[in-house]
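Inside the fold
Spelled out from the first residue to the last, the chains are:
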Amino acid sequence: MSADLALIWPELILTIGGLITLLLGTFAGDRQVGLYQLAAMLTLGAAAFAVVALFGVEASVFSGTLAVDGFGGFAKLLIYAASFVCILIAPRFFTGGMRAEYPVLILFAALGMGIMASARDLMTLYIGLELNSLAAYVLASFMRTDERSSEAGLKYFVLGALASGMLLYGISLIYGFSGTTDFAAIALRMGGEMNIGLVFGIVFMLAGLGFKISAVPFHMWTPDVYEGAPTPVTTFFASAPKVAAMALMTRVVVDAMGPAIGAWQQIVIFLALASIILGAVGAIGQKNIKRLLAYSSINNVGFILIGLAAGTQAGVEAVLTYLLVYVVTTIGSFLVVLQLRDAAGNQVESIPALAGLSQRRPGLAAALSVFLLSLAGIPPLFGFWPKYLVFEAAVNANLVPLAVAGIVASVIGAFYYIAVIKTMYFDDASDVEVTGGGSAVEGAIVTASALWLSVVGYLFIPVLAVASASAAAVLF
Amino acid sequence: MGILSLMLAIPAVAAVACLFAGDRNARLIALAATLADFALGCVLWAQFDIGGAQWQFVERADLFGRFQWALGIDGMALMLIMLSVFLMPLCILASWDAIKSRVGLYMAMFLIMEVVMIGVFMAQDLLLFYIFFEAGLIPMYFIIGIWGGANRKYAAFKFFLYTLLGSVLMLIAMIAMIAEAGTTDIPTLLNYDFPVEMQTWLWLAFFASLAVKMPMWPVHTWLPDAHVQAPTAGSMILAGVLLKLGAYGFIRFMMPMFPDASAQLMWIVFALSMIAVVYTSLVALAQNDMKKLIAYSSVAHMAIVTAGLFAFNQQGIEGALIIMLSHGVVSAALFFCVGVIYDRLHTREIDRYGGLAVNMPAYALFFMLFTMASIGLPGTSGFVGEFLSLAGIYEASSWVAFVCTTGIILGAAYMLYLYRRVVFGELTKDDVKAMPDLNPREWAIMAPLAAAVLWMGVYPESFLAPMRGDVTTVVARLAPAKPAGDAQLAAGKPKPAGDAHGSAHHAGGVQ
């Protein structure tokens, strides 16, 4: 038992740190933003350090319910980094003063996501997922006096609860027909003869997980929640939970359902193509940049699923690389959105108001262009590389039609990305005077991520390849 | 750092500098950087060992793990790089006064364009090639969209999406090639024998991409829009170099890598080329917009290039390559000619001009030279290329040669008709009368272009010599798959005149 505890330091640190932050907030009051923000960031830093310290350990703890391995470590580092940034950028947005609940909720969500990424048992899977989701529902409606935010919270909760129900139903079917909740044992059972109950279980589980990664046709909540939630929260939703849910899904399909590839592969292929196409087509008419980025995340999830559909180690490596690049791009683009304010200091979210941004704020417009073109996967921007990897994995897994369909649909996606760039660069300046800069830290993050996503990122390919390969190898 | 990397680094660094420099400095930086690249290009040409190793100035650095920073050139790449670095300073000069807003960004985009273009010709790694090949979309999108004409946004979108849609299929084909051959190294892939059935698919995927870039009928429709809306220098570089990327892809990848598929499917290329030559020439004849006319003529010229390449013989391919170089210079010059009068009267409508020979004699002279080069008058660059490629095409198929030659006649028709309406005639319109002749800056652009056209026309050997070895290599690679032509080349024995005529006719009918 104590040996097991020594292996879950990241989770322990997050739990204790989250509680300390909560106490700090309660006793010092909401005014002491710096104090509890620092506590939360230190907690995340320490947890990330613990993940790094556990590097190379491969074990399963608590009677095989939780895995401690490179795959989970890779995902956790990404999750913690994204959560860190979301706490860092929040105080400037919540001008009325940030409440201490915000960092606490993020910490607990991060804890839940860490468990999702390491779960190797249906029960831990569900606990991690719910811990994350409950924190997320509250975060979505964090600005409780704001109508849009409350609406977003409610929608997220209702649809999320539905998704959890479906997931739970799937879990119960799989448990009922395999007699176990352990991934490895389920895989053994799936290696044998399949029956209709297991197939239904797979379908319902993937549907429930599809909600969490907002894959079409379970994506309906995404644009509304992204638009309604406060921008730092949207940044969070678009980055960390996507990593966690994707990691969880990968582990479930490869570890638990691996032998039944025939049963889940076609579902994943359908989710992938539907997400790519609907994410692209749905984005075309959007006038709100946050909604547009929501559709863009649906679109990108589709590409990630292509890597997963391959079901090979190269496919999982591609998924992990994609997640990393996607998180950097998403955080960068939301940071840019966060900086768009009109003269009165209100957030500017409408795309037509961005007209002429290239002349008012050239740096910001250039950074957003880099992020958007990178999301579209146009070389030489680094967003091309993960797209290349997922397509390569698909082609090598004999899924050439999937790769062709996906890549052709990516052209539709390019349309709305370059339409935003058109607004910023080609259109005459709008009436809305976009002013207001960010803090130096925000500027530095935007600059660094834009530079990394321009050609510089290619120099990191060898490092990324080693990291993702060692993480993915765990599952095979 | 080797000379090739240096040629890529100079414009890249200058592009960043331009973004932060003022208008005036940005122009100077851009000019200096492009001239430096031109100088390096000349060094490259001077040091190129004709008849030496196929790949020279090779550089390799294992920077990216999965693929390499591998550069190297052969004679064909050398000539196309020379074309790019030669046109770039002229483009910068052409936009010296015409571009007044956001000069720094403009110059930066052109410099990035230069990096991308010469990078395409230098790349020795399949993925590196693809990255350069695609990267050109971004600067061109900005150049058309920001500094273009009235309908620039539509044209920029059309350009971007059309060419992107084409290229993505090529990427899938490349992934399949890499998986099959296990390498991204282009020289290795050039000698790899892909299974015949696979070749067909790969060929079709590459063709989908390169036919759009080329552009071939019927996927050429982005070109007139892009040309008409782009600023003068944008059209120059688009017609001058970007259109050559498609043909370069044909000769560098499709023909040597998929020789069997090329032979099987050459009828597609021939059919599309024949339609393009006649159809686009007729369309050009009906245009009232000068830039559109030249844009359609580009499609027709490129169709002769594709037909020449797929003739699979030395003359055809050499001729196609010379047309590429010649068209690069001539079409850039013609677009500049349009730009010169557009800057003065702000219209591209042919009917608004007339009688320019009276008040702009120097302009009329240069315009005449480039018109003649476009038609293919002996003594100009156009003749050499068209003669060689048509000779090659004739060897492969007399019918294709027959149709393509019609295109040349039609070409003469629309170019002379354009010239007559713009330059000759009565000088009646007052605003046209007020147009001054070429200024020194315009002279400085016209003169090198004219010199290049004449040099290529009078002594094409300078340009052919570096490429000959590479063409021979390609022809040798194609030889096993080459179908028999219908020409009677072995006609060494003199025959009675009537008899010879009859047999030639018969062979043509069978084809």
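In the nomenclature of an unreviewed UniProt entry, chain A is known as NADH-quinone oxidoreductase subunit N of Sphingopyxis jiangsuensis. Heading Sequence similarities (unreviewed entry) of the UniProt record for chain A holds this comment: "Belongs to the complex I subunit 2 family."

Looking only at helices and strands, chain B has 22 helices and 2 strands in total. Over its C-alpha atoms chain B spans a radius of gyration of 22 Å, differing by no more than 12% from the 24 Å that the globule rule assigns to 511 residues. Over its C-alpha atoms, taken along the principal directions, chain B stretches across nearly 65 × 65 × 40 Å. For chain B, the proportion of its 511 residues judged to be buried stands at 59%.

To continue, consider the overall build of chain A. When you go through chain A residue by residue, the secondary structure sums to 21 helices and 2 strands. The globule rule puts the C-alpha radius of gyration for 476 residues at 23 Å, and the 21 Å found for chain A is close to it. For chain A, the spread of C-alpha atoms along the three principal axes comes to 65 × 55 × 40 Å. Each of the 476 residues in chain A was classed as buried or not, and the buried ones make up 61%.

The next thing to look at is the interface of chain A and chain B. Contact with chain A, which involves 25 residues of that partner, is made by 27 residues of chain B. Of all the secondary structure elements, the ones that give two or more residues to the side of chain A that touches chain B are helix 18 (384-396), helix 19 (400-425) and helix 21 (461-473) of chain A. For the side of chain A that touches chain B, the element with the highest residue contribution is helix 19 of chain A, accounting for 11 residues. For the side of chain A that touches chain B, the class distribution of residues is 21 nonpolar, 2 polar and 2 charged.

Quick look at the UniProt feature "domain: NADH:quinone oxidoreductase/Mrp antiporter transmembrane" (unreviewed entry) in chain A now. Annotation from UniProt places "domain: NADH:quinone oxidoreductase/Mrp antiporter transmembrane" (unreviewed entry) at residues 119-413 of chain A. For residues 119-413 of chain A, the end-to-end C-alpha separation is 34 Å, with 78% helix and 0% strand making up the annotated structure.

Okay, helix 20 (residues 440-453) of chain A next. Helical geometry: 3.6 residues make up each α-helical turn, so side chains three or four residues apart lie on a common side. Residue and element names in this part refer to chain A. Helix length check: helix 20, at 14 residues, gives a terminal C-alpha distance of 20 Å against a target of 20 Å (1.5 Å per residue), a fit within 8%. Of the positions making up helix 20, those classed as buried are Val446, Ser449, Ala450, Trp452 and Leu453. Down the axis of helix 20, the sector holding all buried residues measures 165°, keeping them to one side. Away from its buried face by more than 90 degrees, helix 20 exposes Ala440 and Ala444. Taken together, the buried residues of helix 20 touch helix 15 (313-339) and helix 17 (362-376).

A few words on the environment of Pro241(A). All names here are of chain A. Position of proline 241 relative to the elements: it lies in helix 12 (residues 231-256). Measuring from C-alpha to C-alpha, the distance between proline 241 and asparagine 132 comes to 7.9 Å, with 109 residues separating the pair along the chain. Discounting chain neighbours no more than four positions away, the residues touching proline 241 are Met113, Asn132, Ala136 and Lys212.

It is worth spelling out the confidence of the model for chain A at this point. Residues shown with low pLDDT carry predicted positions that ought not to be read at fine detail. The predicted model of chain A has a mean per-residue pLDDT of 89, with 99% of residues at 70 or higher. Ranking the helices and strands of chain A by mean pLDDT puts helix 4 (residues 70-88) of chain A first, with 93, and helix 5 (residues 90-93) of chain A last, with 81.

Residues and elements named next belong to chain A. With 20 residues, helix 2 (residues 9-28) should reach 28 Å at 1.5 Å per residue; the first-to-last C-alpha distance of 27 Å fits that figure. The complete set of buried residues in helix 2 reads Pro10, Glu11, Ile13, Leu14, Gly17, Gly18, Thr21, Leu22, Leu24 and Gly25. The buried residues of helix 2 occupy an angular sector of 165° when the element is viewed end-on, so they sit on one face. With respect to the buried face of helix 2, the exposed residues turned more than 90 degrees away are Ile16, Thr26 and Phe27. Residues of helix 2 that are buried make contact with helix 3 (33-53), helix 4 and helix 6 (101-118).

Note: most residues except glycine have negative phi, and most peptide bonds are trans. Following Val216(A), the chain continues to Pro217(A) via a peptide bond in cis, the omega torsion being 10°. In this structure, Pro217(A) sits in the loop between helix 10 (196-212) and helix 11 (221-228). Note that the residue after Met214(B), namely Pro215(B), is joined by a cis bond; omega there is -10°. Residue placement: Pro215(B) occurs in the loop between helix 9 (196-213) and helix 10 (222-229). Of note in this structure, Arg102(B) is not a glycine but carries a positive phi near 50°.

Right, let's talk about the confidence of the model for chain B for a bit. Of the residues in chain B, 95% have a pLDDT of 70 or more, and the chain-wide mean is 87. Taken over the whole predicted complex, pTM reads 0.91, whereas the ipTM for its chain interfaces reads 0.91.

We now examine the pairing of strand 2 (residues 69-73) of chain B. All names here are of chain B. Among the 5 residues of strand 2, 4 are classified as buried, and the element is accordingly described as predominantly covered. Relative to strand 2, strand 1 (residues 56-61) runs antiparallel, the two sharing 4 bridges. For alanine 61, the partnering residue across the bridge sits in strand 2 and is tryptophan 69.

Residues and elements named next belong to chain B. The topology assignment puts leucine 418 in helix 18 (residues 398-423). The spacing of leucine 418 and glutamine 229 is 189 residues in sequence and 20 Å in space, taken between C-alpha atoms. Residue contacts for leucine 418: discarding those within four places in its chain leaves Met290, Leu293 and Ile350.

Quick look at the packing of helix 16 (residues 361-375) of chain B against helix 18 of chain B now. Residue and element names in this part refer to chain B. Where helix 16 meets helix 18, the axes come as close as 9 Å, and the angle between the chain directions of the two elements is 170°. Relative to helix 18, the element helix 16 lies roughly antiparallel. Taking contact as the criterion, the partners of Ala364, Phe367, Met368, Thr371, Ser374 and Ile375 in helix 16 are, on helix 18, Gly411, Ala412, Met415, Tyr419 and Val423. Across the contact of helix 16 with helix 18, the residue classes tally to 8 nonpolar, 3 polar and no charged.

Take the environment of Ala40(A) next. All names here are of chain A. Mapping alanine 40 onto the fold places it in helix 3. Taking the number of C-beta atoms within 10 Å as the measure of exposure, alanine 40 has 31 and is therefore buried. Alanine 40 sits 394 residues away from valine 434 along the chain, and the two C-alpha atoms are 32 Å apart. In contact with alanine 40, other than residues within four places in its own chain, are Thr21, Ile87, Pro103, Ile106 and Leu107.

So, how was this worked out
- Residues numbered from 1 in each chain as written.
- Chains lettered and ligands numbered in written order.
- Predicted model: local features only at pLDDT ≥ 70, side-chain atom pairs only at ≥ 80, totals over all residues.
- UniProt positions renumbered as here; feature names shortened; annotations may be inferred.
- Helix = DSSP H or I, 4+ residues; strand = E, 2+ residues; numbered from the N terminus.
- Rg over C-alpha atoms; globule rule 2.2 N^0.38 Å.
- Buried ≥ 20, exposed ≤ 12 C-beta atoms within 10 Å, placed from the backbone.
- Contact = placed C-beta atoms within 7 Å.
- Nonpolar A, V, L, I, M, F, W, Y, C, P; charged D, E, K, R; others polar.
- Expected span 1.5 Å × (residues − 1).
- Arc of directions from axis to C-beta.
- pLDDT = per-residue confidence, 0-100.
- Pairing = 2+ DSSP bridges.
- Axes fitted to C-alpha atoms, helices over the stretch in contact; angles between N-to-C directions.
- Parallel < 35°, antiparallel > 145°, perpendicular 65-115°, else oblique.

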